[in-house]
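# Analysis of the macromolecular model
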Amino acid sequence: MDDRGNGGNGMERLLPIANVGRLMKQILPENAKISKEAKETMQECVSEFISFVTSEASEKCRKERRKTVNGDDICWALATLGFDDYAQPITRYLHRYRDLEERPNNISPHQHKDRA
């Protein structure tokens with residue numbers, strides 16, 4: 001069997017194809033169709049990308065004698081690997097996420113305290 005999720009050791013490293021297809025559909029016009037081959041190709045690509053970036057972040061953690069990969073490590077790996085177009089917005093997102101997490105009762109800036 002092959003590495004496309006049809007058995008063997010490659011299956012656990014692939015994102016579920018239904019999720020990949022759903023994400024692809026969100027970008028395309030409503031009447032567009034996506035072939036099985038296109039979904040499988042994208043599934044391979046995104047799974048490989050995630051593995052590539054995570055591996056770089058994990059190596060950084062290993063060198064720093066840490067066991068946990070965090071968001072900063074992923075952002076660092078993206079930048080180190082030359083994905084600056086992704087690293088910068090994801091870093092901004094990570095900072096905003098942390099700011100929201102630090103708010104009392106996790107109230108988003110759009111909610112009023114009397115609605116919580």
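What this report covers is the structure whose coordinates are included nearby. (Residues numbered from 1 in each chain as written. Predicted model: local features only at pLDDT ≥ 70, side-chain atom pairs only at ≥ 80, totals over all residues. Heavy atoms only, no water.)

## So, the overall build of the protein
Cut-off, in case you're wondering: Secondary structure elements are defined from DSSP: runs of H or I of at least 4 residues count as helices, runs of E of at least 2 residues count as strands, and each element is numbered from the N terminus. Working definition: with a 1.4 Å probe on protein chains only, accessible area under 20% of the residue-type maximum means buried, over 50% means exposed, and in between means partly exposed. Contact criterion: two residues are considered in contact whenever any of their non-hydrogen atoms come within 4.5 Å of each other. Values of accessible area rely on a 1.4 Å probe in the Shrake-Rupley scheme; residue burial ignores everything except the protein chains shown.
Looking only at helices and strands, one finds four helices and zero strands in the protein. Taken from the N to the C terminus, the helices and strands of the protein come in the order α-α-α-α. Expressed as a percentage of its 116 residues, the buried residues of the protein come to 19%. Of all intrachain contacts in the protein linking residues separated by at least 6 positions in sequence, the fraction that spans at least 24 positions is 35%. Within the structure as shown, the protein displays about 9200 Å² of accessible surface, and the carbon and sulfur contribution to it stands at 53%.

## Topic: the nonpolar core
One recurring pattern in soluble globular proteins is that nonpolar side chains are buried together. What counts here: Residue types Ala, Val, Leu, Ile, Met, Phe, Trp, Tyr and Cys, when buried and joined through side-chain atoms within 4.5 Å, form a set referred to as a nonpolar core.
Core analysis: the largest hydrophobic core is formed by five residues, namely V53, A57, A77, L78 and A87. Elements with a contribution of two residues or more to this core: helix 2 (36-63) and helix 3 (71-80).

## Examining the pattern of salt bridges
Note the cut-off: By definition here, a salt bridge exists when the distance from a side-chain nitrogen of Lys or Arg to a carboxyl oxygen of Asp or Glu is within 4 Å.
Under the counting rule described, the total for this entry stands at nine salt bridges. With a shortest N-O distance of 3.1 Å, R98 and D72 are connected by a salt bridge. Of this pair, R98 sits in helix 4 (residues 84-102) while D72 sits in helix 3, placing them 26 residues apart in sequence. Overall, the relative accessible area of 36% leaves D72 in the partly exposed class. Among the ionic contacts, a cluster of salt bridges with common partners joins K60, E64, R66 and D73.

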